[in-house]
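Structure at a glance
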Amino acid sequence: MRRSSSTFRFVDLFAGIGGMRLGFEAANGRCVFTSEWDANAQKTYLANFSGERPHGDITKIDPTDIPEHDVLLAGFPCQPFSIAGVSKKNSLGRAHGFECKTQGTLFFNIEQILRVRRPRAFLLENVKNLQSHDSGNTWRTIRRVLRDQLGYHIHPKIVDASRFLPQHRERIFIVGFDAEVGFNWDDDVVLPSAGSGPKLSSILHKHDGSESPEPPYTDERGMVNRKYTLSDQLWEYLQGYALKHRAAGNGFGFGLFGPNDVARTLSARYYKDGSEILVKRGRGNPRRLTPRECARLMGFDYKDRKWLIPVSDTQAYKQFGNSVAVPVVEAIARAMRPYILGRRVDRQAEQLDLLVS
């Protein structure tokens, strides 16, 4: 029987620093369990969610120890199932089924929790090329397990975060329900039109006095700290590297953006040289984004929310580069909510709620 409450419970697996959680809390969800193994990500999570420290390695947690929940959230790593979990059966040449194919991958843990707890819905997130990964074997295995073995109705969709944020970030989101509820991406998920999203200026530090200084990202005048400007040596290297690859017909190189542009995808390697998103300066070498600007670029600093960054720049860049775009998840969560609660609501009211909240 469906609950009549306006809230629902969810678990946050492979949580990172909590981007999926933020999106579902905005849709009136309540987190009842979190798992994240990385100590630095746990530190950031702890700082931003009222002192909650995530549980550790999901592979060491028994599914029966995870509380009952309505929705499972997971941005799981992409791993090839065709070579994972080589078992004694395989070495003996014996046939093995879907379960053995996923054994040894982190998707196996998601599968087991879905099997044991049977939540009414889930949202999985992964890289855009999940469907072509390992010649399509990865996606075929995931689809067979979720749809054919577990009986969920799945709805995959690639969404570009540039509809909400000044960054092209295409990710696949897999919505699943334990019954055919009528969910439809085009009808239910309210996405701004393509090309209507904000520009980079909306997330860059302001230099007109309207933004309070924030050391170590800015100096006492509110100007971006000089440490984020590329050294002559690094800038010369990046230009030479790009020139060499262009001559060879390759597309590798840096990305240089101004305030009226939409940036490339922020990745976890950004801490190395910042080459995928370099910010033009009036004079001199370009600069990296600061961690605060990355928080804005990923939607962690959004509307009235100010994200706490208790870790080093290196760790912050890794964390934001590995995260989801929070406003995208929020839009999906709001679309899933009426189905999670077992009832439809007026679409115009949902859209109005999304716009004013």
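None of the values given here were measured: they were computed from a predicted structure. (Residues numbered from 1 in each chain as written. Predicted model: local features only at pLDDT ≥ 70, side-chain atom pairs only at ≥ 80, totals over all residues. Heavy atoms only, no water.)

Description of the environment of Phe49
- Mapping Phe49 onto the fold places it in the loop between helix H2 (39–48) and strand E3 (71–74).
- With 27 residues separating them along the chain, Phe49 and Leu22 place their C-alpha atoms 9.6 Å apart.
- The contacts of Phe49, once residues within four sequence positions are left out, are Ile17, Gly18, Arg21, Leu22, Glu25 and Trp307. (Helix = DSSP H or I, 4+ residues; strand = E, 2+ residues; numbered from the N terminus. Contact = heavy atoms within 4.5 Å.)

So, helix H12 (residues 326–340)
- The first and last C-alpha atoms of H12 sit 20 Å apart over 15 residues, in line with the 21 Å expected at 1.5 Å per residue.
- Most of H12 sits inside the fold, with 15 of its 15 residues counted as buried.
- Gly342 lies just past H12 and shows a positive phi near 80°. (Expected span 1.5 Å × (residues − 1). Buried < 20%, exposed > 50% of the residue type's maximum accessible area, 1.4 Å probe, protein only.)

Some words on the packing of helix H5 (residues 106–117) against helix H6 (residues 137–149)
- The N-to-C vectors of H5 and H6 enclose an angle of 5°; their axes lie 11 Å apart at closest approach. When the axes of H5 and H6 are compared, the pair comes out roughly parallel. Contact residues: H5 offers Phe107, Glu111, Leu114 and Arg115, while H6 offers Ile142, Val145, Leu146 and Gln149.
- The residue inventory of the contact of H5 with H6, partitioned by class, reads five nonpolar, one polar and two charged. (Axes fitted to C-alpha atoms, helices over the stretch in contact; angles between N-to-C directions. Parallel < 35°, antiparallel > 145°, perpendicular 65-115°, else oblique. Nonpolar A, V, L, I, M, F, W, Y, C, P; charged D, E, K, R; others polar.)

Structural notes on the nonpolar core
- By size, the foremost hydrophobic cluster in this structure holds 63 residues, and its most contacted members are Phe24, Leu123, Phe320 and Met336.
- For this core, the leading source of residues is H12, giving ten residues.
- Excluding residues that lie within four positions of it along the chain, Phe24 makes contacts with Phe8, Phe10, Gly29, Val71, Leu73, Leu123, Val329, Ala333, Met336 and Ile340.
- Formed by 26 residues, the second largest nonpolar core is a distinct cluster that contains Leu13, Ala74, Ile110 and Val145. (Core = buried A, V, L, I, M, F, W, Y, C linked by side-chain atoms within 4.5 Å.)

Quick word on the pairing of strand E6 (residues 170–177)
- Counting buried positions over the eight residues of E6 gives seven, a clear majority of the element.
- Inspection of the sheet shows strand E4 (residues 121–127) paired to E6 by seven bridges, in the antiparallel sense. Within E6, the position partnered with Leu123 by the bridge is Val175.
- Looking at chain direction, strand E5 (residues 153–160) and E6 are connected through eight bridges and run antiparallel. Across the sheet, the residue bridging to His155 is Val175, located in E6. (Pairing = 2+ DSSP bridges.)

Thoughts on H6
- Residues Thr138, Trp139, Thr141, Ile142, Val145 and Leu146 constitute the buried set of H6. Taken around the axis of H6, the buried residues stretch over an arc of 165°, which confines them to a single face.
- Downstream of H6 by a residue or two, Gly151 has a phi angle that is positive, lying close to 80°. (Arc of directions from axis to C-beta.)

Digging into unusual backbone geometry
- A cis geometry characterises the amide bond from Pro215 onward to Pro216, with omega recorded as 5°.
- Examined against the element boundaries, Pro216 turns out to sit in the loop between helix H7 (185–188) and helix H8 (232–247).
- A positive phi angle, close to 50°, is found at Phe14, a residue other than glycine.
- Tracing the backbone through its elements, the reader meets Phe14 in the loop between strand E1 (8–13) and helix H1 (19–25).
- On the basis of relative accessibility, which here comes to 17%, the residue Phe14 falls in the buried class.
- With a phi angle near 60°, Ser135 is a residue other than glycine that sits in the positive phi range.

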